[in-house]
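Examination of the molecular architecture
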Amino acid sequence: MKKNLSIVAIAFLFTVAVLALGYFSFDVLTTVIFISGFLGGFLIWLFVPDTVSFSSIKAPFWIAFGLFMVHRVEEKGMGFFAKLSEITGVATPEIVSWQIILLLLASVGAWLVIPLLMKRGFALGYYFAWTFFAAMGITELAHFVLPFFTEEPYGYFPGMASVVILAPVAWWGMYKLSRKA
């Protein structure tokens, strides 16, 4: 399916908006990490035909989404944002700050409408699916890189344990999403 130029523009502007919110919420390093999921997902979506149905990715999507929730609990419980703040020197924003609220609404909100949009054949649903799987399967791998930026010997970084399961499920989702119908 060829992508409509106006939909491509909307997806690109959404990508830029999420990256800008990431920058205003955290810093440049965090935004660079976000690029792999959102810009990467956008670029993959541009070049991969939208041919599969939601039912083709249903299992990896819901499993990855559940694991994403587990991952967020691990990050919160193990102090991910405090460790990230130590690396970047940027204070962790309040969860009720406008930047964080908009970032969560934009990213997680978009990911929650994937089933509805894909079932109706909307190109934005496929774009959101690619950003979701790229964020879970590529961006989250940063948990294995971030320990190199600490002064401690390489070891566990908050969020790392759940990524071991989350990333492969996201790769499965990308594989299924890239298949021909």
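In what follows, the structure referred to is the one given above.
Calculation rules
Residues numbered from 1 in each chain as written. Predicted model: local features only at pLDDT ≥ 70, side-chain atom pairs only at ≥ 80, totals over all residues. Heavy atoms only, no water. Helix = DSSP H or I, 4+ residues; strand = E, 2+ residues; numbered from the N terminus. Rg over C-alpha atoms; globule rule 2.2 N^0.38 Å. Buried < 20%, exposed > 50% of the residue type's maximum accessible area, 1.4 Å probe, protein only. Contact = heavy atoms within 4.5 Å. Areas by Shrake-Rupley, 256 points an atom, 1.4 Å probe, with all protein chains shown as cover. Lys, Arg positive; Asp, Glu negative; His and termini not counted. Charge placed at Lys NZ, Arg CZ, Asp CG, Glu CD. Core = buried A, V, L, I, M, F, W, Y, C linked by side-chain atoms within 4.5 Å. Salt bridge = Lys/Arg side-chain N within 4 Å of Asp/Glu carboxyl O. Phe/Tyr/Trp six-rings, centres within 6.5 Å; stacked < 30°, edge-to-face > 60°. Expected span 1.5 Å × (residues − 1). Bend = angle between axes of the 7 residues up to and from the residue. Axes fitted to C-alpha atoms, helices over the stretch in contact; angles between N-to-C directions. Parallel < 35°, antiparallel > 145°, perpendicular 65-115°, else oblique. Left-handed = near helix turned anticlockwise from the far one by under 90°. Nonpolar A, V, L, I, M, F, W, Y, C, P; charged D, E, K, R; others polar.

The secondary structure content of the protein amounts to eight helices and zero strands. Starting at the N terminus and walking to the C terminus, you meet the elements of the protein as α-α-α-α-α-α-α-α. Radius of gyration (C-alpha) of the protein: 16 Å, near the 16 Å computed for a compact globule of 181 residues. By principal-axis analysis of the C-alpha atoms, the protein measures approximately 50 × 30 × 25 Å. Buried residues in the protein amount to 48% of all 181 residues. Of the contacts formed within the protein by residues at least 6 apart in sequence, a portion of 78% connects residues at least 24 apart. Carbon together with sulfur atoms contributes 73% to the accessible area of the protein, which is approximately 9,200 Å² in total. Within the protein, one finds 11 positive and 9 negative side-chain charges whose respective centroids are separated by 22 Å.

With that settled, consider the nonpolar core. By size, the foremost hydrophobic cluster in this structure holds 44 residues, and its most contacted members are Trp45, Trp111, Ile114, Met118, Phe132, Phe133 and Leu177. Of all elements in the fold, only helix H1 (5-25), helix H2 (28-47), helix H3 (54-78), helix H5 (98-112), helix H6 (114-119), helix H7 (123-137) and helix H8 (160-178) reach the threshold of two or more residues within this core. If you tally residues by element for this core, the top one is H7, at ten residues. Setting aside residues up to four positions removed in sequence, Phe132 forms contacts with Phe61, Ala64, Phe65, Trp111 and Ile114. If you look at the next biggest cluster of nonpolar residues, it comprises seven residues, including Ile33, Phe80, Ala142 and Phe157.

Inspection of the entire model under this criterion finds three salt bridges. A salt bridge links Asp50 to Lys3, with the nearest nitrogen and oxygen atoms 3.4 Å apart. Here Asp50 is found in the loop between H2 and H3, whereas its partner Lys3 is found in the segment before H1, with 47 residues between them in sequence. Lys3 shares its class with Asp50; the two are buried.

This brings us to the packing of aromatic side chains. Scanning the model with the defined rule gives 24 aromatic pairs in all. Considering the side-chain rings of Phe42 and Trp45, the 5.9 Å spacing of their centres and the 45° angle between planes classify their relative orientation as tilted. Pair noted here: Phe42 and Trp45 are both in helix H2, with a separation of three residues, about one helical turn. The class of Trp45 is buried, set by a relative accessible area of 0%. By the ring-pair criterion, three or more aromatic residues cluster together here, those being Phe38, Phe54, Phe61, Trp62, Phe65, Phe68, Trp111, Phe132 and Phe133.

On to H8, then. Within an α-helix, residues lying three or four positions from one another point in the same direction, as the helix has 3.6 residues per turn. Under the 1.5 Å per step criterion, the end-to-end length of H8 is 27 Å for 19 residues, consistent within 8% with the ideal 27 Å. Of all bends in H8, the biggest is about 25°, found at Leu166, and the proline Pro168 comes one to four residues later. Listed as buried for H8 are Met160, Ser162, Val163, Leu166, Ala167, Val169, Ala170, Gly173, Met174 and Leu177. For H8, the elements touching its buried residues are H3, H6 and H7.

Before going further, it helps to spend a moment on the packing of H7 against H8. Running from amino to carboxyl end, H7 crosses H8 at an angle of 150°, the nearest separation of the two axes being 7 Å. Taken as axis vectors, H7 and H8 run roughly antiparallel relative to one another. When you trace H7 past H8, the crossing you get is left-handed. Contacts between H7 and H8 involve Tyr126, Ala129, Trp130, Phe133, Ala134, Met136 and Gly137 from the first element and Leu166, Ala167, Ala170, Trp171, Gly173, Met174, Leu177 and Ser178 from the second. Grouping the constituent residues of the contact of H7 with H8 by class yields twelve nonpolar, three polar and no charged.

Shape is all these values report; function is a separate question.
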